[in-house]
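Survey of secondary and tertiary structure
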Amino acid sequence: MALSSTLKTHLMEIINPANGQVIADIAADTTASISSKYQQLLQGQQSWLSVPLPERIARLSRFHELLGQHQDRLAEILTSEVGKPLSQAAGEIRGARGRIEFFLQESEKWLADEWIAKSEQYGEMIRWEPLGVIANISAWNYPYLVGVNVFVPALIAGNAVMYKPSEYATLTGLEIEQLLLEAGIPADVFYTVKGGAEAGEALLELPLDGYFFTGSYRTGQYIRQKTADKLVPIQLELGGKDPLYVSADNADVQAVAQAAVEGAFYNAGQSCCAVERVYVHESVYDQFVEAFVEEAATLQVGAPTQEGTFIGPLTRASQPSFLAEQVADAVEKGAQILFQPPLPEGTDSGYYFAPVVLGNVSHEMAVMKEESFGPVIGIQRVSDDEEAIAMMQDTPFGLTASVYADNFETAKPIMDRMQSGTVYWNCCDRLSPSLPWSGRGDSGIGWTLSYLGIRAFTQPKAYHLKGKFSEK
Ligand code: NAD
């Protein structure tokens, strides 16, 4: 398979966002190495499929164990390249292990042959066959979580995987590859492709059997266009502009503010389902804003390796200036900065951005319409539930939406009207391995997690059987 792209040998610099220093130089993949990996995966997938399902599950179970054994070291590596606080890095690995446990427990059930009809001389059966060799093009903000959503169920189902970690999470990607190998996944069944956009581009040229992408809307849309003539599954898990509504039906506004602050600022707001905008009923607005700012002021900003840090540096060098522009645009259009502490000393050389809380915001401002992906939040006053619904729905994105209300009867009709893959009552910024994770509109197509996220890496084959048959 000749690729038209010409990726030559070069080194990728891995930078620590806490101080801007180069921590590693990694040899990126070339056109030749990507082609060679693909050829090996084609062979490897056939052998992998002949490994019985319980054995494939056993090997992923070993990977789960190894992640646990190496958690502290892996958390340090993750922190060194993406800048998230160490405690949050360890939390991410624990969360990823929880998701793997779900796949280990549920996969046999959902991948088993499904008998729809069965009699002496007639049978109808569905077999869930793997797709083949798939691409897993991944993001940097939760490389373990968004990675395991794809490559674990894909491998269990019998696929081979070309895994392209984000260029900002390359060291983590290499650790994942190493541990999978140690867990007994053959070398020609899982390959990490090292590189940036151009390496991802090379994958789009290959005749892969499925593309599973996590990242920005812009790249997702591009990938969809580039792969349109392939007629293989294309899944896109993209960004969001996730709203949270605080209705009048809230007795403990302080507790709601605490939850909202965590939802907005965890991982420095760099979560696809981070709370990105808040609407508050006018009857509780002042109380909520006061409690929100008070809570935000308790968050420690600083080095990710320092005990107690909640907001570390942002991962990408360009993000602080992008956020500063969003804030400037909002202020110019009448927003009020309710909170913006000075950055602590010693943060000059890193990609830090102090959290910002904006009041008096409107949908004329980019901060209420475009994904911020950082510690910036706008809080808008609304006069009733109808206005809140209209504002929450005024977006092309549809990842999650959250409603806080003491009574389910208040929240449920609002949740029912949200055009998003996930709705929350009295919680936010969370996922469950048992529930499908999906976006609507510009937040993507397809899904991961849950039994649907096991079958997403398979294709059904219908067996029509006439005559005497066995169930093997
Ligand atoms: P990104 O789109 O910049 O990059 C994602 C991946 O695509 C990287 O591996 C990158 O190298 C690769 N890539 C870039 N250009 C490419 C091209 N032309 N062809 C092929 N591959 C290419 O996104 P990011 O900055 O890594 O991630 C942040 C975004 O991801 C945010 O918008 C966030 O909301 C979203 N996200 C969504 C989810 C979800 O579950 N919906 C989860 C995590 C992150």
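Attention in this report is confined to the structure presented alongside it. (Residues numbered from 1 in each chain as written. Predicted model: local features only at pLDDT ≥ 70, side-chain atom pairs only at ≥ 80, totals over all residues. Heavy atoms only, no water.)

A separate point is the pattern of salt bridges. In the structure shown here, the tally under the stated rule is 17 salt bridges. Here Glu65 ties to Arg62 by a salt bridge, and the two come within 2.7 Å at their closest N and O atoms. A residue pair is termed a helical-turn pair when its members lie 3 or 4 positions apart in one helix, as Glu65 and Arg62 do in helix H2 (residues 53-69) at three residues. For Glu386, the salt bridge identified is with Arg417, shortest N-O distance 2.9 Å. Pair noted here: Glu386 is in helix H12 (residues 385-392) and Arg417 is in the loop between helix H13 (408-416) and strand E17 (422-425), with a separation of 31 residues, a long-range link. When its relative accessible area of 42% is taken as the criterion, Arg417 is described as partly exposed. (Salt bridge = Lys/Arg side-chain N within 4 Å of Asp/Glu carboxyl O. Helix = DSSP H or I, 4+ residues; strand = E, 2+ residues; numbered from the N terminus. Buried < 20%, exposed > 50% of the residue type's maximum accessible area, 1.4 Å probe, protein only.)

Even without being glycine, Asn267 reaches a positive phi, approximately 55°. Structurally, Asn267 is set in the loop between helix H9 (253-265) and strand E11 (277-281). Even without being glycine, Asn360 reaches a positive phi, approximately 55°. By secondary structure assignment, the location of Asn360 is in the loop between strand E13 (356-359) and strand E14 (376-382).

What follows deals with the packing of aromatic side chains. Following the criterion strictly, the structure yields 14 aromatic pairs and no others. Taken together, a centroid distance of 5.5 Å and an interplanar angle of 65° make the contact between Phe151 and Tyr163 edge-to-face. Remark: Tyr163 occurs in strand E6 (residues 160-164) and Phe151 occurs in helix H5 (residues 143-156); sequence separation between them is twelve residues. Taken together, a centroid distance of 5.3 Å and an interplanar angle of 70° make the contact between Phe151 and Phe190 edge-to-face. Note that Phe151 is positioned in helix H5 and Phe190 in strand E7 (residues 190-192), a separation of 39 residues in sequence. Across this residue pair, the class does not change: Phe151 and Phe190 are buried. Put simply, the rings of Phe63, Phe151, Tyr163 and Phe190 pair up and form one aromatic cluster. (Phe/Tyr/Trp six-rings, centres within 6.5 Å; stacked < 30°, edge-to-face > 60°.)

A separate point is the side chain of Arg277. Within the fold, Arg277 resides in strand E11. Despite its burial, Arg277 pairs with no opposite charge; the closest candidate is Asp394, at 6.5 Å N-O. At 3.0 Å, the side chain of Arg277 and the backbone oxygen of Met391 are in polar contact. In this structure the side chain of Arg277 is engaged in a polar contact, spanning 2.9 Å, whose partner is the backbone oxygen of Met392. If near-sequence neighbours (up to four positions away) are discounted, Arg277 is found in contact with Lys241, Asp242, Pro243, Leu244, His363, Met368, Ile377, Gly378, Met391, Met392 and Thr395. (Lys, Arg positive; Asp, Glu negative; His and termini not counted. Polar contact = N/O pair within 3.5 Å; in protein donor to acceptor, adjacent residues only side chain to side chain. Contact = heavy atoms within 4.5 Å.)

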